Amino acid sequence: MKPFYKIFSSFFSFFINGMLAVITANIMQLLINDYNFSYNMISLCIAAQSFGNLLMVAVSGFIIKKININNAIYIFMGCFIIGCCSIFTFHHFLFILISMFITGIGWGLCNNSMHIVINSYNPSLLNILHMSYAAGSFSGPFLLSVFMKYNMGWKPCIFIIIVLCILLLIFYFFCSRNDNSTIINITDTPLYNKLNFSELFKDRFFVICLVLYFIYIGFETIINSWLIPCLTSVNLINTISAQNLLSIFWICVILSRLLNSFITNTISADKLLFIGSTGSLLTIIFLLYAKNITILYILIILSGLFIGIISPCNAIHAGRYLNGNGIASGILFAGGGIGSIIFPLIAGPLAQYTTLRNVVLFMIILLIIFAFTALLSCTYNKIYRIEE
C-alpha cells in the first residue's frame, strides 16, 4: 500500500497542473479588459511560464538528485501556491510576469518528477497520468465559465488551485512520514547506449522526433491561450460559451486518448501522428469559415478528437529516446519547451498588430509543417524501427 499514495499524488499533481496550465492561459486573455494588458503583454506572460518550464526541464535532473525525488512535490506545489497567490493578489504586469514564471518552474518539476515516479512503479500507468492532466485541463475552463456566468470573475478559480495544492501537500506529508523508500531510476535503453550527444543529431529519426515535439508543444500552448479569443472574434459566441467550448474540446481530447490506447495496437504511431495532424489541420481550416454555431461545435469536437491523438503518439513515436536517461529525452523536452516560448511570442504581435484570424492561420501553418514531418517519419519508420 505504500506506493499508492505516491501514485495517487502523481495523478492528482498532474490534474492540478492541467487545471493551472489552462486557467492561467485563459485568464491572461481576461486581463486585457481587467488590467488593460495588451496582446503583447499577455504573450510575454505565457512565454515566461513556458520559459520557467523549460528552465526546470534543464536543471530538474540535478535538483531531483540532490533533494530526493520524494521531496520534489513540496517544491513544485510550493511554486504553484506562490505563483497563484501572486496572480490572485497583484495587478501590475511585472508581478504577473514573475508569477507566471514561478508557476512554469513548478510545472516543469512536476512533469519530470511525476514521470519518474510512475515509470518506476508501472510504466503502463503513464496513460492515466496524461489523462489526469487532460481532466484538469477540462475542469479549468468549465469552472471559469461557471464563475463568470455568476459574475464572480476568474479569481475563485485561482483560489481553488491554491486550496487543492494545500490539500495535496497535507495528504502527502502525513502519508510519507514513515516511508523511507526511494525511487529507482529507469535504465538506459540499448539504442541510447549507442548514441552520444553529437551522434544524436546525426540520427535523422531523432531530428524528426525533435521537430515534432518542438511544433506540437508550442501549438498546444497557442491552443490553450488563443482558442477562446479566436472563437469569440467570429461573433458567434460570447466568452462564457467559448469557455464551455474549450471544456468540450478537452473532453474530446480525453476520449481520444482513451481510444488511442486501443488504436495503437493496430496502427503505427507515426501513421496516427499524420492522421491526427491532418485531421486537426482540416478542422481548424474549416473553423475560419464557420458561420453556424452548430457547425462550430462539431468542428471543436472533431479538432479535440484529432489533437488528442497527437500527444500520446508523439511519446510512443519517440519512445526509444524518452525511455533512456539524460541527454536524448532532455533535448526532446527542451525542444518542446522552446516551441512553447517562441510560438506565443509570434501569436501575440499577430493579434496585436493584425487580426486574430492571422493567429489561426499561424496554427494552420504549424499543422502543415507537423503533418509533413509526420509523413516524413513514415518513410524512416522501417529503417529506424528496433525489434524489441
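Residues numbered from 1 in each chain as written. Predicted model: local features only at pLDDT ≥ 70, side-chain atom pairs only at ≥ 80, totals over all residues. Heavy atoms only, no water.

Draft legend 1. Examining the overall build of the protein more closely. Along its length, the protein carries 15 helices and 0 strands. Accessible area for the protein stands at about 16900 Å²; split by element, carbon and sulfur atoms hold 69% of it. (Helix = DSSP H or I, 4+ residues; strand = E, 2+ residues; numbered from the N terminus. Areas by Shrake-Rupley, 256 points an atom, 1.4 Å probe, with all protein chains shown as cover.)

Draft legend 2. Highlighting the packing of aromatic side chains. With the rule as written, the count across this model stands at 21 aromatic pairs. Seen in terms of ring centroids, F214 and F343 are 5.1 Å apart; in terms of plane orientation they differ by 65°. Their pairing is edge-to-face. Of the two residues, F214 is situated in helix α9 (residues 204-232) and F343 in helix α14 (residues 327-353); the sequence distance between them amounts to 129 residues. Residue classification places F214 among the partly exposed positions, given a relative accessible area of 26%. Among the residues examined, F343 registers a relative accessible area of 6% and is labelled buried. An aromatic cluster is defined as three or more aromatic residues linked by ring pairs; in this entry it consists of F4, F8, F12, F15 and F171. (Phe/Tyr/Trp six-rings, centres within 6.5 Å; stacked < 30°, edge-to-face > 60°. Buried < 20%, exposed > 50% of the residue type's maximum accessible area, 1.4 Å probe, protein only.)

Draft legend 3. Highlighting the side chain of S113. With respect to the secondary-structure elements, S113 resides in helix α4 (residues 93-121). Those residues in contact with S113 that lie beyond four places of it in its chain are I64, I69, A72 and F76. (Contact = heavy atoms within 4.5 Å.)

Draft legend 4. Helix α11 (residues 269-287), seen in detail. Taking 1.5 Å of rise per residue, the 19 residues of α11 would be expected to cover 27 Å, and the 27 Å separating its terminal C-alpha atoms lies within 8% of that figure. Buried within α11 are the following residues: A269, D270, L272, L273, G276, S277, G279, S280, L281, T283, I284 and L287. (Expected span 1.5 Å × (residues − 1).)

Draft legend 5. Summary view of the side chain of S86. Locating S86 in the fold gives a position in helix α3 (residues 72-89). Among the polar contacts listed, one links the side chain of S86 to the backbone oxygen of I82, at a separation of 2.9 Å. (Polar contact = N/O pair within 3.5 Å; in protein donor to acceptor, adjacent residues only side chain to side chain.)

Draft legend 6. Summary view of unusual backbone geometry. In this model, N36 sits at a positive phi of 60°, which is unusual for a non-glycine residue. Take N36: it is sitting in the loop between α1 (2-34) and α2 (39-67). A residue is classified by how much of its surface remains accessible, and N36, at 64% relative accessible area, is exposed. Despite not being glycine, N151 shows a phi value in the positive range, around 60°. Residue N151 is classed as exposed on the basis of its relative accessible area of 72%.

Draft legend 7. Region of the structure containing the pattern of salt bridges. Inspection of every chain in the model, using the stated rule, returns 1 salt bridge. Of the charged contacts in the structure, one is a salt bridge between E220 and R257, with a shortest N-O distance of 4.0 Å. Of the two residues, E220 is situated in helix α9 and R257 in helix α10 (residues 239-263); the sequence distance between them amounts to 37 residues. Here the two residues E220 and R257 agree in accessibility, since each one is buried. (Salt bridge = Lys/Arg side-chain N within 4 Å of Asp/Glu carboxyl O.)

Draft legend 8. Region of interest: the packing of helix α5 (residues 126-149) against helix α6 (residues 155-176). Contact geometry for α5 and α6: axes closest at 8 Å, N-to-C directions at 135°. Here α5 lies oblique to α6, going by the angle between them. Pair α5 / α6 crosses with right-handed handedness. Seen from α5, the contacting residues are L143, L144 and F147; seen from α6, they are P156, C157 and I160. Partitioning the contact of α5 with α6 into residue classes produces 6 nonpolar, no polar and no charged. (Axes fitted to C-alpha atoms, helices over the stretch in contact; angles between N-to-C directions. Parallel < 35°, antiparallel > 145°, perpendicular 65-115°, else oblique. Left-handed = near helix turned anticlockwise from the far one by under 90°. Nonpolar A, V, L, I, M, F, W, Y, C, P; charged D, E, K, R; others polar.)

Draft legend 9. Region of the structure containing α3. For α3, built from 18 residues, the straight-helix expectation of 26 Å at 1.5 Å per residue is met to within 8% by its first-to-last C-alpha distance of 26 Å. Residues A72, I73, F76, M77, G78, C79, F80, I81, G83, C84, S86 and I87 constitute the buried set of α3.

Draft legend 10. Molecular detail of the packing of α10 against helix α12 (residues 293-317). Where α10 meets α12, the closest approach of the two axes is 7 Å, and the angle between their N-to-C directions is 45°. In terms of their interaxial angle, α10 and α12 are classed as oblique. Along this stretch, α10 crosses α12, giving a crossing that reads as right-handed. Across the contact of α10 with α12, the residue classes break down as 14 nonpolar, 6 polar and 1 charged.

Draft legend 11. Highlighting a nonpolar patch on the surface. On the surface, F88, F159, V163, I166, L167, I170, F173 and F174 cluster together into a nonpolar patch covering about 720 Å² of accessible area. Sort the elements by how many residues they give to the nonpolar patch and α6 lands first, with 7 residues. Looking at the element boundaries, I170 is found in helix α6. The class for I170 is partly exposed, based on a relative accessible area of 42%. (Patch = residues over 30% accessible without salt bridge, like charges linked within 9 Å, V, L, I, M, F, W, Y side chains within 5 Å.)

Draft legend 12. Region of interest: the environment of S86. Look at S86 and you get buried, because its relative accessible area is 15%. Placed 13 residues apart in sequence, S86 and S99 show a C-alpha to C-alpha distance of 5.9 Å.

Draft legend 13. View of the environment of C252. Position of C252 among the secondary structure elements: in helix α10. Not counting chain neighbours up to four residues away, the residues in contact with C252 comprise I301, G304 and L305.

Draft legend 14. Main features of the confidence of the model for the protein. Of the residues in the protein, 89% have a pLDDT of 70 or more, and the chain-wide mean is 83. In the model, residues 184-194 has pLDDT below 50 throughout and makes 22 contacts with residues more than four positions away in sequence or in other chains. (pLDDT = per-residue confidence, 0-100.)

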